[in-house]
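If you want the building blocks of each chain, they are given just below.
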Amino acid sequence: METESEPYVRLATLRQLHQVVAELNTARSLADTLQTVVDGIVRGLGYELACVNLVRPDGDLVVAAFAGDSAAEALITGRVGSRAAWERRLTMGEDWDGLRFIPHTEGWVLMEDDVPQWHTDGPDPRFLDEWHPEDRLYAPMYATGGELLGVISVDRPRNGRRPGAWGREALQMYAFQAAIAISNARLRANMQRALVRLEREQQALRASEESFRQAFEYAPSGMAIAEMGGDQHGRLLRTNDALCRLLGRPASVLRRYSFSDLVHPEDIGTLLRTSAEGGRAELRLGRRDGTYVWVSLRNSVVADAADGPRFLLTHVEDIEERKRHELQLAHRASHDSLTGLPNSAELRSRLGARLCRRPQSVRASAVEALDAAYEGRPEAGGAGEHGFPPDGQPHAPHAPHHGYDAGYPAAPAPGQAADAFDFPGAFPGSPDGPYDHHVHTVAPATDVDDGTKGLAVLFCDLDGFKSINDRFGHHTGDAVLIEVARRLTTCVRDGDTVARLGGDEFVVLADGLGAADAADLAVRLRNAIIPPIRVDGRAVRVGASFGIGWASCGMSADEVLRSADQRMYIEKRSRSKAHRRAG
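Conventions adopted
Residues numbered from 1 in each chain as written. Predicted model: local features only at pLDDT ≥ 70, side-chain atom pairs only at ≥ 80, totals over all residues. Heavy atoms only, no water. Buried < 20%, exposed > 50% of the residue type's maximum accessible area, 1.4 Å probe, protein only. Helix = DSSP H or I, 4+ residues; strand = E, 2+ residues; numbered from the N terminus. Pairing = 2+ DSSP bridges. Axes fitted to C-alpha atoms, helices over the stretch in contact; angles between N-to-C directions. Expected span 1.5 Å × (residues − 1). Contact = heavy atoms within 4.5 Å. Parallel < 35°, antiparallel > 145°, perpendicular 65-115°, else oblique. Nonpolar A, V, L, I, M, F, W, Y, C, P; charged D, E, K, R; others polar.

Novice: I keep staring at the pairing of strand β8 (residues 222–227) and nothing clicks. Help me out?
Specialist: Here is the key point about a regular strand: its side chains alternate between the two faces of the sheet. For β8, the tally of buried residues reaches five of six residues, placing the bulk of the element in the interior. Two strands pair when backbone bridges link them, and β8 and strand β9 (residues 236–239) are joined in this way by three bridges, in the antiparallel orientation. Among the inter-strand pairings, A224 is bridged to a residue of β9, identified as T239.

In structure tokens:
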């Protein structure tokens, strides 16, 4: 009867084998493939337990997948057996045409080795081909070149018998197909790991078009691909939605530009200095509405294996909020927290930027200034016979750099002797060189107005402020200081500086003024302070005493402020207390 039913058994087994083999090719990852292998054995080949022992890179075998018993799966999955122990097992017992069967009568010697195993106790077989719980059946899996990939281990056939010839052949065919599926899955896994490693090393994208498109398009921050080399170098080829939203321009419009077309004019140098591979820069890009946004650019090269670098991948991150915080911190460090005016440190910095250590005589004639410019010039860079450099060509003068407020003109004010000529060999940043870029600041004569213009320093001290503070409290005093700061600021030009030195002392820096101009400015500022100031429904008044000092090269910032402070106290003492309170 058993012989007559064998064709039917074969047909049913073939159908099941075909189904489970087909499922091997649907698994995407190596882990899925291994689990599909053991699930297929339990579902299609008639065994209650199955596991896959996979060869690791170091040669040992790890239990990579288990099916049929959750307790056994939790016990041995992930455990490792040595290669030597496995080779011993694969040479023991009976060779069933590529399978290895170790009966329980021989397997007792394997109980103490390091191969992970799980079994249940049971009675001895009642007949010759009955399966014993300690029987072992292994199906080795080999790669195309004969290298061992792993071993399938099965246990507890559902019919309770050792597999016959057809059952062995089915398991062997399944192991062969499983080896192919595992090899393909491992190859795919290795390719994926290689792509990830290559992306990290080269900072480029090597994924498939679909995965790259999704990573690119749906990235939360801006990304762009630009052309490298050729006539279209730097032109944007592709931008994601985040970058389009950030710049307020559609992708079709951005493809007409490069980053050099969008960058702020002051940041073009920063962009050009940013390297293609691994380059980072912080700069401003133009929006469609004409405003600019601070961004951080990070570059990497998407390389072509044959032709070298082909495309530039740029990651664009919006750092507008961080830049705003940085500017706020810088502003707090250099400005008074109460009035918002530049503080003492910022005042000295701005004043010191206009001064050098070499005094300059305002009376120097043009000939004397020219002689001073050539005097002591180094021999290596000396002038020729007619006052030109050795090559015989005059050098174009550079525009002087004030290092002060942006509102001041580039050229020196009338009366400021610009005796420093720009020659090769000058030392930039050295205020003592006879031909540096510095334009000397000179003080006009105070006894007679000869038309000379200079940098006026008006030192202001409030009169009667202490009594307001003592009588009405610091809240009222702070309100008075804020209002005085506002009135002073509205009375000066855009390029002038109004600073709070501390307490009730203010300083005004006004460039390009003569002696009479400075006196008129002091009167206007005093008149602006005199009107009553209303605080919490109460009107209070303060006066102001002004001392006018002049900044001049050869003086330090502290010396200039001290001079103006002394003149202020002279002016304060020259008036009665009642007169000072009246302004």
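Novice: Is there a simple way to explain the sheet that holds strand β2 (residues 61–67) in this structure?
Specialist: Working definition: the strands of a sheet are paired by backbone hydrogen bonds and lie parallel or antiparallel to each other. If you trace the seven strands from one edge of the open sheet to the other, you get β3-β2-β1-β7-β6-β5-β4, paired in antiparallel fashion. Of all strands in the sheet, those bounded by a partner on one side alone are β3 (80–81) and β4 (94–96). As judged from the six bridges shared by strand β1 (residues 47–55) and β2, these two strands associate in the antiparallel manner. In the strand pairing of β2, V52 is matched with A65.

Novice: Can you help me understand unusual backbone geometry in this one?
Specialist: When glycine is set aside, most residues are seen to have a negative phi, and most peptide bonds are trans. Positive phi outside glycine occurs at D97, with the angle close to 55 degrees. Tracing the sequence through the fold places D97 in the loop between β4 and β5 (99–102). Backbone geometry places R156, a non-glycine residue, at a positive phi of 55 degrees. Along the chain, the position of R156 falls in strand β7 (residues 148–157).

Novice: What exactly am I supposed to notice about the sheet that holds strand β15 (residues 505–513) here?
Specialist: The four strands lie next to each other as β14-β15-β13-β18, forming an open sheet whose pairing is antiparallel. Whereas interior strands pair on both sides, the edge strands pair on one side only; in this sheet they are β14 (497–502) and β18 (543–551). Averaged over all neighbouring strand pairs, the angle between strand axes comes to 25 degrees, with direction disregarded. Sheet topology places strand β13 (residues 454–463) next to β15; seven bridges connect them, and they run antiparallel.

Novice: Hey, could you run me through the pairing of β13 in this one?
Specialist: Of all ten residues in β13, ten are buried; the element is thus mostly enclosed. Two strands pair when backbone bridges link them, and β13 and β18 are joined in this way by nine bridges, in the antiparallel orientation. Of the residues in β18, the one forming a bridge with F459 is G547.

Novice: Is there a simple way to think about helix α17 (residues 515–529) in this case?
Specialist: Note that an α-helix has 3.6 residues per turn; residues three or four places apart therefore point the same way. Counted at 1.5 Å a residue, the expected span for α17 with its 15 residues is 21 Å, and the 22 Å between its end C-alpha atoms agrees. On its buried face, α17 sits against β13, α16 (474–490), β15, β18 and α18 (557–573).

Novice: Sorry if this is basic, but what is going on with the packing of helix α13 (residues 344–352) against α18 here?
Specialist: In a pair of packed helices, the angle between the axes and the distance between the axes together describe the arrangement. Between α13 and α18, the shortest axis-to-axis distance is 9 Å and the interhelical angle comes to 110 degrees. Viewed along their axes, α13 and α18 adopt a mutual orientation that is roughly perpendicular. Taken together, the residues of α18 that come into contact with α13 (itself represented by L347, R348, L351 and G352) are A557, D558, V560 and L561. Counted by class, the contact of α13 with α18 contains five nonpolar, one polar and two charged residues.

Novice: Explanation requested: the environment of A485 in the structure shown.
Specialist: Tracing the backbone shows A485 in helix α16. The exposure class assigned to A485 is buried, which follows from its relative accessible area of 2%. Counting along the chain gives 14 residues from A485 to A499, while the straight-line C-alpha distance between them is 8.4 Å. With near-sequence residues (within four places) excluded, A485 lies in contact with T339, L341 and F506.

These figures capture arrangement, not role.
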